[in-house]
Structures are given as C-alpha cells and as structure tokens.
Amino acid sequence: MAYQAEISRKNPGCFLFLVDQSESMEDPFAGGDNGKKKAEELATILNKLLHNLCIRCAKSDSIYDYFHVGVLGYSDESCKPALGGELSGRSLVPISELAGKPLRIEERTKQSDDGAGGVMDQTVKFPVWFDPYWKGGTPMCAALKDATKLVETWCQEHPNGFPPIVINITDGEATDGDLVAEARKLTAVSGEDGSVLLFNIHLSSTAGPSIELPGNASKLPDQHAKALFEASSPLTPFMVARATELGLPAGENSRGFIFNAQPLHVIHFLDIGTRPANVRLR
Amino acid sequence: MNHATAANQCDIKVFCCPKSGNSVEEYEDAWAHRQTRTPAGLRVAVADGATESSFAKLWAVLLAESYVRTELAGAEFFARLQPARRLWRRRLAGRPLPWFASEKAGQGAFAAFLGLQIDAHTNRWTALAVGDCCLMQVDDVGTGMRVLTAFPLQESSQFTMSPYLIGSRSDGEPLHERIHISNGSLRDGDMLLLATDAVAAWLLKQHEAGRPLWKWLYRKLRTPESFAAMVAYGRTHGLRNDDFTLVRIIHHDSPVAAKER
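Cut-off values and rules
- Residues numbered from 1 in each chain as written.
- Chains lettered and ligands numbered in written order.
- Predicted model: local features only at pLDDT ≥ 70, side-chain atom pairs only at ≥ 80, totals over all residues.
- Heavy atoms only, no water.
- Helix = DSSP H or I, 4+ residues; strand = E, 2+ residues; numbered from the N terminus.
- Expected span 1.5 Å × (residues − 1).
- Buried < 20%, exposed > 50% of the residue type's maximum accessible area, 1.4 Å probe, protein only.
- Contact = heavy atoms within 4.5 Å.
- Pairing = 2+ DSSP bridges.
- Buried area = accessible area lost by both parts, 1.4 Å probe.
- Salt bridge = Lys/Arg side-chain N within 4 Å of Asp/Glu carboxyl O.
- Nonpolar A, V, L, I, M, F, W, Y, C, P; charged D, E, K, R; others polar.
- Axes fitted to C-alpha atoms, helices over the stretch in contact; angles between N-to-C directions.
- Parallel < 35°, antiparallel > 145°, perpendicular 65-115°, else oblique.
- Left-handed = near helix turned anticlockwise from the far one by under 90°.

Attention now moves to unusual backbone geometry. Of note, the amide linkage connecting Phe151(B) to Pro152(B) takes the cis form, showing an omega dihedral of 0°. Looking at the secondary structure, you find Pro152(B) in the loop between β8 (146-151) and β9 (166-167). Positive phi values are uncommon outside glycine, yet Ser60(A) reaches one of about 50°. Of note, Ser60(A) is situated in the loop between β2 (58-59) and β3 (62-63). Positive phi is not limited to glycine here, since Asn123(B) has a value of about 55°. With respect to the secondary-structure elements, Asn123(B) resides in the loop between β5 (110-119) and β6 (124-130).

Here is the structure:
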C-alpha cells in the first residue's frame, strides 16, 4: 500500500515549496482584511511553514533531520532556488541546516502559559528565511519542470522513502504554458511508496470565502482556482484522517488545494510520531 | 533492558527497548514500581513521552516516579503534579538552547500515563490513565486464556497518532474529561500487562485476529532476549516502530512479603 513509509532521520521526507514571485503578486490579497499584497502574504505563509516545520523536528536541545526542505522561486521568465543568505543557491537542505541559517531572527512578543495557570508576555525568536519579492511574468510551468527534476533525483536517492510533497504557492496565473499538464508530469514521478504529491495554495485577488481541501471544483470562484484544483493531488487516507483530527473539512475525495486561507496544517499531514492532541497549532 | 523484582504475591518483570533506528538514550518511555505499606501492596506506572515534544523522557520519568511515590490512586493524583512540573522546569532553566529548541520546550513535554495500584489484602486493583498506555488483565483459564480487562482502550482500532496527553506545563488545563479510572479483582494466576501504545495496540490486534500471545507472554516471556524475539516477530507482523515498554505482573494468592526474588 502506498504512502506508508516511515519518516525517520535515516529515511527523511521532502518538502519542496514553489513560490510565485511574479509581478501580479504585487496586487492586494483578497483573503485578508489588512490590505496586504499577495507577495507579503506569501512571505508570511512561507516563513510560518518553515518555522513550524523546524519546531516539529526540534527534539530537546537539537533538531532531527526528519525532513529536507527546498524553496524554488519563479518570476521574470526563470525559476531559481529562493533561500537566501548562507543557503543561497541550494535547492534542498536538511531541516537542521535550515533552522540554523535563516536570513535573520527577529524578536516578537507573545502571550504564553506561565506554567502555573497564568499568562505572561514572552519574547520569542521569529526567524525569517524569505522576504517579499515580485517581478515580471509567472513561469509556473518552468518551476514545475525544475521541481520534477529535483524530485526525480530525490526519489532515486530515497527509493523507499515517503514520496516528496511539492507545495506551490501562487495567485494561479501561469504565463508559460499548461500548468495542469506540467503538474501531471510532476506527480507521475514515483518511488516504491507512491507518487509525488502536489498541493496548491491559491492566494487570490478575487474575494470570496476561503476554501480548504475541497473534493470538487464547484465552489471555486475562477478558472485559475479551478486549474490549480485540477493540478492538485488527492490527499492520502492518513492525511484525510489527520486533517479531520485538526478540524479541517476533509473528505474522501479531498485534494491538496487551499484557496485564500493559511495552509499551516499542511505540514502536519506527515506522521513523524505521536503528536499530543492538546498542543495548539499556530 | 530488563528488571525483575517481586513480593512473593506478584512476579513483576519489565521489558523495554527503543524505537528501531534510535539509541537507548533516545528511549522516551518510563516505568516505575514500588511496594507499598498503606495499603499493603504494589504501585506500578508506565509513561510514554510523546515523540513530537521535547524533553519528554524527563517528563515521563517524573510522572511514573511521582505516581509510585504517592498514595493517591484516583484523579486527584493529576491535581498534585506541581512538584513534578516544577522539577521539569528547573531541569531546563538556564540551559542555553537554540531558538527552535527553546520554543519547543516552551510548549512543554507531553506523555501518556497509566498507574496501577494493587491492594494485597483485598486482591483488588485500581488503575488510572490519561492517553493510550494500556492495562490488560488476562486469566489463566482455558487454552487461549481470557482477556478480562483492556483499559482505557479496548480495541486496537481505538489507538491514534494524536492522543490527549499530560503536559508538563498544563496546570490550568481541565483534565477531568480525559482521566480514566477502572478497578477489578485478581484471582490466583491472573496476569496483568501494562504496555505503552504500540505494543498494547499490537497485542490487542493479535488477540482480535485470533492469534493471541497471552499464553506465550505468560509462560515464555522471561528474558530480554525473549522480549527481543517477540519484537522482531512483531516488526514483521504489524508492530509499529516505536519505543516499547511492557510490564508483566503475575498475581499469586499468598500473603504479602517484601521479598526480592
């Protein structure tokens, strides 16, 4: 049965993020109420996803390499690795290296449990790996092609591992071809444990209610959303169960597609061991 | 790892091993047992530190030790965990941690817990649980032996990867709906098994499939080597890779005496 491989340090999982950095990402994001640009929302989402992945893998005073992570940015007719600083030019890095090399670490204040039934202000580190950027066209097909090459190599090097998960964050307007056809080629790549999974996070300028993990495209507001839904992989049975546990409206036919919503639960769709039900996800 | 001690009323053996691929230092279950005077009998605990939490081994040890060192056998035990929580925080205080480790520690550690008290005069037991560590009581009747109790989960399908657990920083959290309490009586020859989730789920699954291991556990499980053989068999027959802890108690109707075997 597919998608059963255990994720461990010896047999890590792979998250590859594709991020839209085209000019249209400068437009306002319709899913929020604070006038953010889509590029700013994308940076917020990506930094939170990377942050939460690091926290998931943190173990006592170290961090376990349960995952390798990559970020490819696409804009201005090209696609290239988008992590900066010391990780500049790297396509995939172990999570421990990602955690140790953000662009910068900001300090923010949040309220937290004081351990004795009360609440206290706490200064927390907020690592930033990715800043907003936009320029030129939307070569999403080129990004899917580059992702296909990367996951082919990954699957050859990890033939028994859990298949890579590619998460594409975009406003959906590809300018270089048929994204559904390229997505099919990407998700045709497979290892012993199943095919590569492609999830799409759609940040739209079209207003409307957020939609998470739909089973069909009937409620999606435009052709861009429908194409991205079409390109998205169905969730595995474990993912449907985990999504349901996390309070998401997942069903048997749900696909890895999210419209104008924060996709932070997505990184919890892979199992790395017992997760306390009483830890709140941020 | 193996430890054996007993009053002449109960034969206790503890078997445990870390998740395959992990070192012994990375084993995050804990167990403890202690003979008691008031009431005369025995207290046993197992705790299972959650993989997705930090410093979970320390918290599991503190929970198990706290239980066997107190006389509380009911839900009030969980209301008296402040000293254990303080100790957990103190062990981390001042420790230089990178940002991710510090933030994860800030969430606290989490563990499943099962405590068992046996009253030697009445031959009755009381069990207390939060999470998915399980107690199974099996009698020595019939060729396959009979399961009298499985607590707090009764079937293998009830185990999940996200149980509700006890947190090292959760003083204010209402636990009462998550606390399970049960009790029962013991007859001569009864076997009690306290197990962390993966091994408990597997034993129940084998039982449900008509391939119970109770008799083997009763008669053949004696040494760390025999436990390792069972785990090796299990790993090719549906036993999930995890830390494993199994405490086996065989009860005999005879006066209590603090005698090491």
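The end-to-end C-alpha distance of helix α1 (residues 38-57) of chain A is 29 Å, a good match for the 28 Å that 20 residues give at a rise of 1.5 Å each. Of all 20 residues that make up α1(A), 17 are buried, and the element is covered over most of its length.

Residues and elements named next belong to chain A. Structurally, Met 25 is set in the loop between β1 (13-20) and α1. In this structure Met 25 comes out as buried when scored by relative accessible area, which is 0%. Along the backbone, Met 25 and Pro 81 are 56 residues apart, and their C-alpha atoms lie at a distance of 18 Å. Setting aside chain neighbours within four positions, we find Met 25 in contact with Asp 20, Lys 37, Lys 38, Ala 39, Leu 42, Trp 134, Thr 170, Asp 171 and Leu 203.

Turning our attention to the pairing of strand β11 (residues 191-195) of chain B. Within a regular strand, the side chains alternate between the two sheet faces. All names here are of chain B. The element β11 is extensively covered by neighbouring structure, given that 5 of its 5 residues are classed as buried. The alternating pattern of β11 places Met 191, Leu 193 and Ala 195 on one face and Leu 192 and Leu 194 on the opposite face, and all of these are buried. Bridge analysis of strand β7 (residues 134-139) against β11 gives 5 bridges, and the strand direction is antiparallel. Within the sheet, the bridge partner assigned to Leu 135 lies in β11 and is Leu 194.

Another aspect to go through is the interface of chain B and chain A. With 35 residues of chain B at the interface, the matching set in chain A holds 37 residues. At the boundary of chain B with chain A, total buried surface from both sides reaches about 3200 Å², with 50% on carbon and sulfur atoms. Its largest share of buried area at the contact with chain A, chain B owes to Glu52(B), Trp99(B) and Met161(B), together 27% of the area lost on that side. Linking chain B with chain A are 4 salt bridges. With a shortest N-O distance of 3.2 Å, Asp61(A) and Arg95(B) are connected by a salt bridge. The biggest single contributor to the side of chain B that touches chain A is helix α4 (residues 99-106) of chain B, with 5 residues. In terms of residue class, the side of chain B that touches chain A is built from 12 nonpolar, 11 polar and 12 charged.

Looking now at the environment of Ser170(B). By secondary structure assignment, the location of Ser170(B) is in the loop between β9 and β10 (180-185). It is 9.9 Å that separates the C-alpha atoms of Ser170(B) and Leu81(B), two residues lying 89 residues apart in sequence.

A few words on the packing of helix α1 (residues 56-69) of chain B against helix α3 (residues 82-92) of chain B. All names here are of chain B. At a minimum axis distance of 10 Å, the contact between α1 and α3 shows a crossing angle of 150°. Considering the angle they form, α1 stands roughly antiparallel to α3. Where α1 crosses over α3, the two elements pack in a sense that is right-handed. Contacts between α1 and α3 pair Leu 58, Trp 59, Leu 62 and Ser 66 from the former with Ala 84, Arg 85, Leu 87, Trp 88, Arg 91 and Leu 92 from the latter. For the contact of α1 with α3, the class distribution of residues is 7 nonpolar, 1 polar and 2 charged.

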